[in-house]
Each structure stands twice: as structure tokens, then as C-alpha cells.
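Single-letter residue listing:
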Amino acid sequence: MESTYPFGMSSPAAGAATLAPRRSSRFVAWVRAWRAGLVPFDEVADEIAGDEEHLVADAPGAWTDLPLREALPSLAKLSPDEIRLVLPAPGDPRGLPGPGDFAGAALLAGEAVVASGLGLVPEVRSHTSGSGMTWETVLWRVYPLPADAPKASLAVPGAAEAEAELAAVLAETTAALTRLDVAQWRPELAGALAALRRPDGATDLPPGFDPRARRLFARAAVLDRVLALAGESAPGGAVNTYEAQQRDAALRPLTTACRQALVAACNAPLRP
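Described in the following lines is the structure provided in the data block. As the structure is a prediction and not an experimental result, all values here were calculated from the model.

Describing the packing of aromatic side chains
Thought 1: In the structure shown here, the tally under the stated rule is 3 aromatic pairs.
Thought 2: Aromatic side chains Phe27 and Trp140 sit 4.7 Å apart centroid to centroid with 45° between the ring planes, which places their arrangement in the tilted category. Taken together, the residues Phe27 in helix H2 (residues 23-35) and Trp140 in strand S6 (residues 134-144) connect sequence positions 113 residues apart.
Thought 3: Judged by its relative accessible area of 1%, Phe27 is buried.
Thought 4: Judged by centre distance (6.1 Å) and plane angle (55°), the rings of Phe102 and Tyr143 are tilted. Placement of the pair is Phe102 in helix H5 (residues 101-109) and Tyr143 in strand S6, with a sequence separation of 41 residues.
Thought 5: What makes Tyr143 buried here is its relative accessible area of 15%.

Focus: the pattern of salt bridges
Thought 1: A complete count under the given rule lists 12 salt bridges for this structure.
Thought 2: Note that Arg69 and Asp46 form a salt bridge whose closest N and O atoms lie 3.1 Å from each other. With a gap of 23 residues between them, Arg69 in helix H4 (residues 68-71) and Asp46 in helix H3 (residues 41-49) connect regions that are remote in the sequence.
Thought 3: For Asp92, the salt bridge is made with Arg259, and the minimal N-O distance between the two is 2.9 Å. Note that Asp92 is positioned in the loop between strand S3 (83-86) and H5 and Arg259 in helix H9 (residues 241-266), a separation of 167 residues in sequence.
Thought 4: Since its relative accessible area comes to 13%, Asp92 is described here as buried.

Here we look at the nonpolar core
Thought 1: Judged by nonpolar contacts, the single largest core of 54 residues is most densely connected at Phe27, Val31, Leu72, Leu75 and Leu166.
Thought 2: A per-element tally of this core places H9 first, with 10 residues.
Thought 3: Each of two domains, domain 1 (12-154) and domain 2 (159-267), supplies a minimum of three residues to this core.
Thought 4: Apart from residues lying up to four places away in sequence, Leu166 is in contact with Leu216, Arg219, Ala220, Leu223, Leu254, Ala257, Cys258 and Ala261.
Thought 5: Ranked by size, the runner-up nonpolar core spans 11 residues in total, among them Ala103, Ala105, Ala112 and Leu145.

Examining H5
Thought 1: Burial in H5 covers these residues: Phe102, Ala103, Ala105 and Ala106. Angularly, the buried residues of H5 cover 165° about the axis, an arc narrow enough to put them on a single face. For H5, exposure combined with an orientation more than 90 degrees from the buried face picks out Asp101 and Leu108.
Thought 2: Looking one or two places after H5, you find Gly110, whose phi comes out positive at around 80°.

Some points on the sheet that holds S3
Thought 1: What the 6 strands build is an open sheet, ordered S2-S1-S6-S5-S4-S3; its pairing is mixed. In this open sheet, the two edge strands, each paired with only one partner strand, are strand S2 (66-67) and S3.
Thought 2: The pairing of strand S5 (residues 118-128) with S6 spans 11 bridges and is classified as antiparallel. Within the sheet, the bridge partner assigned to Pro122 lies in S6 and is Trp140.
Thought 3: Strands strand S1 (53-57), S3, strand S4 (112-115), S5 and S6 of the sheet are contacted by H2, whose axis makes an angle of about 165° with S3.
Thought 4: Where H5 meets the sheet, its contacts fall on S4, S5 and S6, and the angle it forms with S5 comes to roughly 50°.

Topic: the pairing of S1
Thought 1: Here S1 runs beside S6; their pairing, made up of 5 bridges, is parallel. Looking across to S6, one finds that Leu55 is bridged to Leu139.
Thought 2: The sheet contact formed by S1 and S2 spans 2 bridges and is antiparallel. What sits directly across from Leu55, in S2, is Pro67.

Here's the deal with the environment of Phe217
Thought 1: Relative to the helices and strands, Phe217 is located in helix H8 (residues 211-230).
Thought 2: The class of Phe217 is buried, set by a relative accessible area of 3%.
Thought 3: With 54 residues separating them in the primary sequence, Phe217 and Glu163 have C-alpha atoms 9.4 Å apart.
Thought 4: Excluding anything up to four places from it in sequence, Phe217 contacts Ser25, Asp204, Leu205, Leu262, Ala265 and Cys266.

About the criteria used
- Residues numbered from 1 in each chain as written.
- Predicted model: local features only at pLDDT ≥ 70, side-chain atom pairs only at ≥ 80, totals over all residues.
- Heavy atoms only, no water.
- Phe/Tyr/Trp six-rings, centres within 6.5 Å; stacked < 30°, edge-to-face > 60°.
- Helix = DSSP H or I, 4+ residues; strand = E, 2+ residues; numbered from the N terminus.
- Buried < 20%, exposed > 50% of the residue type's maximum accessible area, 1.4 Å probe, protein only.
- Salt bridge = Lys/Arg side-chain N within 4 Å of Asp/Glu carboxyl O.
- Core = buried A, V, L, I, M, F, W, Y, C linked by side-chain atoms within 4.5 Å.
- Domains from an automatic or database assignment.
- Contact = heavy atoms within 4.5 Å.
- Arc of directions from axis to C-beta.
- Pairing = 2+ DSSP bridges.
- Axes fitted to C-alpha atoms, helices over the stretch in contact; angles between N-to-C directions.

Dropping the structure here:
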């Protein structure tokens, strides 16, 4: 049965929801749950990696790249609150503990993990075999953080504040995209944004996160993938430069609110 959305579209953008979520968000959520004693160590690496191959470069005490499972014990002495998600962007370095190699790599990737005195940034590497097959590996590069890094820069809005901000900005953005007639040149984006207005009980967080954090993560994770779709060129050249600028201006506040929501959800206090 078809559903009708405010844009006059039917069916959300299923493809947008299948794009890969940010790897750092899964890393932080599952490692924090492990350090809180809420999930066993044997599950953590598999939950983070999914069907990808994940390696760790420059892990403490290691002289070569390690499989993720072998590198995770270097975080075994940390408390959950020492492990934080950061999603910086140009002009918005919130969460970064001061300038340096880690900050530069995190800004380039758009995501990173702060784990007490260490920073981890994922790098996606593409490979091609002699027969022409291609595949990707994820390399988590570890950076030592300065001992005097400013802790206050890690402060982020709480889940309640981030949820309210995301809902308000989503409504404003939906109205702006309606005025721009986004459905004419990007129908899958219009449908996906409309679908996000509906309640979504799905969750992708491990045990220990409260219902608000789960709800916020579920909505922000899908929205983050929709925004990645929005950043691509419209198919068939259906949008000109001016229209692209208008689209980007409309989406910019939503992109910021989405990043804050993911950070607030993944860094939320854990409970048994």
C-alpha cells in the first residue's frame, strides 16, 4: 500500500537508508558498552566491522597493522565516559582536543574517536585484484593526543536538547525543500526526508543506552545517510548551479543538527 508524503511523493528513499552509517559511531557505541560490562568482548569487533575488514595502524605497542579484535584490548582500561564520538566539519571543530595531526585527519574524514589519550580515525582503502575484483578495507589510524588537550572542548548537547533541535531543524528544512520543489529533481531525497517525520522504533545501539538515545540515534543515523545522498549530484543534470547552492543552504543547518544528534546519542550516559 502506498503512503503519501508532504512532497506529493510515494515511498521513501530505500536506497538512502542502505548507505553505510558512520563507522566511528558504531565503534564508540559498542566499545563503550563493552567497557561498561554490558556486552562481551567477543562481540565488539564483529559488531563494529560488520562484513568489512577492519585493521588498526599504530596501535600502542604494535609494530604492524593489527586486526581490530587484536587492537581493542589497548582500550581495556578505559571507562565508557573516556570514549567519545566526534564529528567535526570545516568551521565546526567541536569535540577535537586542539590542533594537531589527529585534528587534521579527523576533519578530513569528518569523523573520529577520542579514547582518553588516543585518537582514532577511519580510513577507507580500495583494492583491486589481478582479476579486476574490487574490495575495501577500513584502517583505523591511532594518534597520540597531547596530555594537556583541553577537555572542555569535548562537551556536547545532551540527548534531550539534541533531539529537540533535530526535530525543529528537520521541520524547517522540509518546508524549505518544499519551496525549492526538490521533488522535481531529487525525488528520492524528498521521500526520505518525509519518511523521517514518522515515528521510527528501530535501533542500532547496543545494550545500555536509554530509549531517548536509541530513538535519537535511529533517526539521526538514517538522516545522516540521506544527507550523504543529498550531497551527490542530481542524476541527469536535473539541478543547475544556483539550485544546488539553494539546496546546500537549506540542508546546512540540518547537517549540523544531525551531527550533534549522533554525537549526543553515542556519547549518552550508559545504564545497566
